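Listed here are the chains, written in short residue letters.
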Amino acid sequence: MYTAHPDRYAQMPYRRTGRSGLKLPALSLGLWHNFGPDRPVETQRAILRRAFDLGVTHFDLANNYGPPPGSAESALGAALKADFAPYRDELVISTKAGYLMWPGPYGEWGSRKYLLSSLDQSLERMGLDYVDIFYSHRPDPQTPLEETMGALHTAVQQGKALYVGVSNYSPEQTREAARILAELGTPLLIHQPRYSMLDRRPETGGLLDALDELQVGSIAYSPLEQGLLTGRYLNGIPEDSRAASDSPFLNSDAVTEELVGRLRALDEIAGSRGQTLAQLALAWVLRQGRVTSALVGASSPRQLEDSVAAVGNLDFDSDELARIDKIVQG
């Protein structure tokens, strides 16, 4: 029987989410990859246990995570039952709906029917009565935003979600979503954008400014840019890497000689800070406190430990930031 480490809250910083009372760990565990039937169950459970022992109290999912879709939620459900039943109130568990989950016209996007049906299925897979955060995973260009936000509000009213969020919404869509939710009486808690040293659209496009203005939290996904901002690609493309498999999320054409040169230069800065490249990338996303939490994946407990060690040095001086900008932006 798993017993959580007694000092699990000693090192991890926790940040308040927007103007809410909810605090999230600086690093959260995303179950996008590595939690499905193609991975050993014991490895999955070991990652989750190690995460919690290190103070990672937030597990982030979506209905379609796997593969196959739904399997990550099922895997978490089994782990919750086996290991975390005594600790449910110490955990923040989130899920999302928006991408294709089942065939037919009601299996994706942002209709009330899809979102609420999906949430019911997610709760059943995880063996939960409620999730802490329920997201609209992407905006639906053909469904009125009032309907999508109304469905999130209903989830809270039904007691099936404590908070609601959006992901992949533009600054303008986020402002409108926040307005609608405020009128309904269910505040927008958080936005989940893609954000990294190599993908700065939340900065350049004004999303972080909008979230500051709205007092909404943020949790960055892909802060390691699908593995590019780790040590894996410093000498080209490893045979067993995501890029070598021409994954839809990272293909070999993206790993150019120029990019590898920039990664090596960033790695030098990381070394001067006593960090790995991955730790530097995570610390950069979390700098200045504008981002509430950064989502990391893990294929092993050791990989997770390396990521969590980033919280030991989240401060940058102006020279370091200028050097990073020069390397990344040219």
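Conventions used here
- Residues numbered from 1 in each chain as written.
- Predicted model: local features only at pLDDT ≥ 70, side-chain atom pairs only at ≥ 80, totals over all residues.
- Heavy atoms only, no water.
- Phe/Tyr/Trp six-rings, centres within 6.5 Å; stacked < 30°, edge-to-face > 60°.
- Lys NZ or Arg CZ within 6 Å of the ring centre and 35° of its normal.
- 1 Å grid on protein atoms, 1.4 Å probe; cavity = no way out; pocket = protein on both sides within 12 Å on 5 of 7 lines; lining within 4 Å.
- Points joined across faces, edges and corners; volume = space filled by probe spheres on them.
- Helix = DSSP H or I, 4+ residues; strand = E, 2+ residues; numbered from the N terminus.
- Nonpolar A, V, L, I, M, F, W, Y, C, P; charged D, E, K, R; others polar.
- Buried < 20%, exposed > 50% of the residue type's maximum accessible area, 1.4 Å probe, protein only.
- Arc of directions from axis to C-beta.
- Contact = heavy atoms within 4.5 Å.
- Salt bridge = Lys/Arg side-chain N within 4 Å of Asp/Glu carboxyl O.
- Polar contact = N/O pair within 3.5 Å; in protein donor to acceptor, adjacent residues only side chain to side chain.
- Pairing = 2+ DSSP bridges.

Asks: Could you clarify how one ought to interpret the packing of aromatic side chains in this entry?
Replies: A ring pair, where both rings are aromatic, is described by two values, the distance of the centres and the angle of the planes. Inspection of the entire model under this criterion finds nine aromatic pairs. If you follow K113 out to its NZ or CZ, it ends over the ring of Y106, 5.5 Å from the centre. For R287, the ring lying beneath its charged end belongs to W284, and the centroid distance is 3.7 Å.

Asks: What am I meant to see in the layout of surface pockets here?
Replies: Vacant regions in the atomic arrangement are exposed by a probe of water-molecule size rolled over the atoms. Roughly 280 Å³ of internal volume is contained in the second largest pocket. As for the second largest pocket, its lining consists of 17 residues, and the residues nearest its centre are R19, T186, P187, L188 and L189. The set of elements that each furnish at least two residues to the lining of the second largest pocket consists of β7 (161–167), α5 (171–184) and β8 (188–192). Residue classes in the lining of the second largest pocket are distributed as ten nonpolar, six polar and one charged.

Asks: Honestly, helix α7 (residues 207–214) in this entry has me stumped. Any pointers?
Replies: Owing to its 3.6 residues per turn, the α-helix aligns residues three or four sequence positions apart on the same side. Taken together, the buried positions of α7 are L207, L208, A210 and L211. Each buried residue of α7 lies within a common arc of 160° when the element is viewed along its axis, so the set occupies one face. Packed against the buried residues of α7 are α5, β8, α6 (201–204) and β9 (217–220). Two residues or fewer after α7 comes Q215, characterised by a positive phi angle close to 60°.

Asks: I keep staring at the pattern of salt bridges and nothing clicks. Help me out?
Replies: Opposite charge on two side chains permits pairing when their charged atoms draw close. Enumeration according to the criterion identifies 23 salt bridges in this entry. D83 serves as the salt-bridge partner of R45, at 2.7 Å between the closest nitrogen and oxygen. Linking R45 in helix α1 (residues 41–53) with D83 in helix α2 (residues 71–84), this pair joins segments that are 38 residues apart in sequence. Taking relative accessible area as the criterion, R45 reaches 21% and is therefore assigned partly exposed. A relative accessible area of 2% places D83 in the buried class. Measuring nitrogen to oxygen at the nearest pair gives 2.7 Å for the salt bridge that ties D212 to R290. Of the two residues, D212 sits in helix α7 while R290 sits in the loop between α9 (277–286) and β10 (293–296), which places them 78 residues apart along the sequence. A residue is classified by how much of its surface remains accessible, and D212, at 43% relative accessible area, is partly exposed. Taking the relative accessible area as the measure of exposure, R290 reaches 29% and is therefore partly exposed.

Asks: What should I look at first to understand the side chain of E225 in this one?
Replies: Tracing the backbone through its elements, the reader meets E225 in the loop between β9 and α8 (257–272). Overall, the relative accessible area of 11% leaves E225 in the buried class. Among the polar contacts made by the side chain of E225, one reaches the side chain of R194 at a distance of 2.7 Å. Residues within four places of E225 in sequence aside, it is in contact with R194, S196, L198 and D199.

Asks: Looking at this structure, how should I read the side chain of S293?
Replies: On the secondary structure map, S293 appears in strand β10. According to the relative accessible area criterion, S293 is buried, its value standing at 0%. Of the polar contacts made by the side chain of S293, one reaches the side chain of S28; its length is 2.7 Å. Not counting the four nearest positions on each side in its chain, S293 is found in contact with L24, P25, A26, L27, S28, S218, I219, A220 and L286.

Asks: Explain the pairing of β10 to me, please; I cannot follow it from the model alone.
Replies: Within a regular strand, the side chains alternate between the two sheet faces. The alternating pattern of β10 places S293 and L295 on one face and A294 and V296 on the opposite face, and all of these are buried. By the bridge criterion, three bridges tie strand β3 (residues 27–30) to β10 in an arrangement that is parallel. Within β10, the position partnered with L29 by the bridge is V296. Pairing analysis gives two bridges linking β9 to β10, with the strands arranged parallel. The partner of A220 across the bridge, within β10, is A294.

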